[in-house]
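Residues per chain are reported as follows:
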Amino acid sequence: SQRVDVAYNAAFGLTNFTAAAWIYLTNYPTTGNSYALMGTRVGGDNTFDYKVRNVNGVMQLHGDIGNGSAWITTAADVPSVLSLRCWHHVAYTVGNTNFTVYVDGVNVGGGSYTSSVPLFMKAGQTLLLGDSNGSTEKLRGVIDDATVFNRALSAAEMAQVYIAGNPASTNVLP
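Residue numbers here run from 1 along each chain, matching the order of that chain's written sequence. Where totals are concerned, whole chains, interfaces and linings use all residues; where local detail is concerned, this predicted model gives features only for residues with pLDDT of at least 70, and gives and counts side-chain atom pairs only at 80 or more. Note that the side-chain values use all heavy atoms of the structure and ignore hydrogens as well as water.

By the secondary structure assignment, Ala 156 is in helix α1 (residues 155-165). A relative accessible area of 52% places Ala 156 in the exposed class. Counting along the chain gives 51 residues from Ala 156 to Gly 105, while the straight-line C-alpha distance between them is 8.5 Å. Numbering goes from the N terminus for both helices and strands, where a helix is a DSSP run of H or I of at least four residues and a strand is a run of E of at least two. Each residue's exposure class comes from its accessible area (1.4 Å probe, protein chains only) as a fraction of the maximum for that residue type: buried when under 20%, exposed when over 50%, partly exposed otherwise.

Structure below.
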């Protein structure tokens, strides 16, 4: 398994954002384990990450959203609808009072929290793709076209992003 590390840049100090990527899972995590998709928790904590995790045999998309000093929520969770060996576009839109999760351009769930100012990444952190801690959460699959937008995209915009970048017809893996 490989990962991509991206050093902090002030442009990543976002307080409303959309974190998105194309995901191709080759297998699911075992019970009690997770595969990190994208996160900024290396070099500090209390910012953002999202993962696929197995909770007693049930797959979830799991997110943690923080403000740089404390967690706003560690339960930004929705049931996973990711099939194995298929490309899926997965995105979290994060605002001051809510989050929404999109899979393949469709809203699959979300939630709200007490008003706070979320933070995507802070100085000293590293953005990781495909891993979160260097050991136990390595993705078993592929990530492509990871993108961070500087605002929470609307449902219509998420559908457009999905349609514009759908690799299903042009990029096939064994």
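Aromatic pairs are defined between Phe, Tyr and Trp rings, using the six-membered ring for Trp, whenever the two ring centres lie within 6.5 Å; interplanar angles under 30 degrees are classed as stacked, those over 60 as edge-to-face, and all others as tilted. Under the defined criterion, the tally for this structure stands at ten aromatic pairs. Each ring, one from Phe 48 and one from Tyr 92, has its centre 6.0 Å from the other, and the planes form 70°; the classification is edge-to-face. Of the two residues, Phe 48 is situated in strand β4 (residues 48-55) and Tyr 92 in strand β8 (residues 87-94); the sequence distance between them amounts to 44 residues. The same class applies to Phe 48 and to Tyr 92, which are both buried. Within the aromatic cluster, the residues linked to one another by ring pairs are Phe 12, Phe 17, Phe 48, Tyr 50, Tyr 92, Phe 99 and Phe 120.

On to the side chain of His 88, then. Its place among the elements puts His 88 in strand β8. Overall, the relative accessible area of 8% leaves His 88 in the buried class. Here a polar contact is taken to be a pair of N or O atoms separated by no more than 3.5 Å, where protein atoms must pair a possible hydrogen donor with a possible acceptor and residues adjacent in sequence count only if both atoms sit in side chains. Looking at His 88, its side chain comes within polar contact range of the main-chain nitrogen of Ser 83, at 3.0 Å. Reaching out from His 88, the side chain makes a polar contact with the side chain of Asp 104 at a distance of 2.8 Å. Residues in contact with His 88, not counting those within four places in the same chain, are Ala 21, Trp 22, Ile 23, Val 81, Leu 82, Ser 83, Val 103 and Asp 104. In this description, contact between two residues means that some pair of their heavy atoms is separated by no more than 4.5 Å.

Quick look at the nonpolar core now. When a protein is soluble and globular, its nonpolar side chains tend to lie buried together. Only buried residues count toward a nonpolar core. Its members are Ala, Val, Leu, Ile, Met, Phe, Trp, Tyr and Cys residues joined through side-chain atoms within 4.5 Å. Among the nonpolar cores identified, the biggest contains 31 residues, and Met 38, Phe 48, Tyr 50, Leu 61, Ile 65, Tyr 92 and Phe 120 are the most heavily contacted of them. For this core, the element with the most residues is strand β2 (residues 17-25), which contributes five residues. Aside from chain neighbours lying at most four places away, what touches Tyr 50 is Ala 19, Ala 20, Ala 21, Ala 36, Leu 37, Met 38, His 62, Gly 63, Val 90 and Tyr 92. Counting residues in hydrophobic clusters, the runner-up holds five residues, among them Ala 20, Tyr 102, Leu 153 and Met 158.

On to the pairing of β2. Of all nine residues in β2, nine are buried, a share of seventy percent or more. Across eight bridges, β2 lies against β8 in antiparallel orientation. Paired with Phe 17 across the two strands is Val 94, which belongs to β8. One bridge is not enough; two strands pair if DSSP finds at least two bridges between them. In terms of strand pairing, β2 meets strand β12 (residues 141-149) through seven bridges, oriented antiparallel. Paired with Ala 20 across the bridge in β12 is Thr 147.

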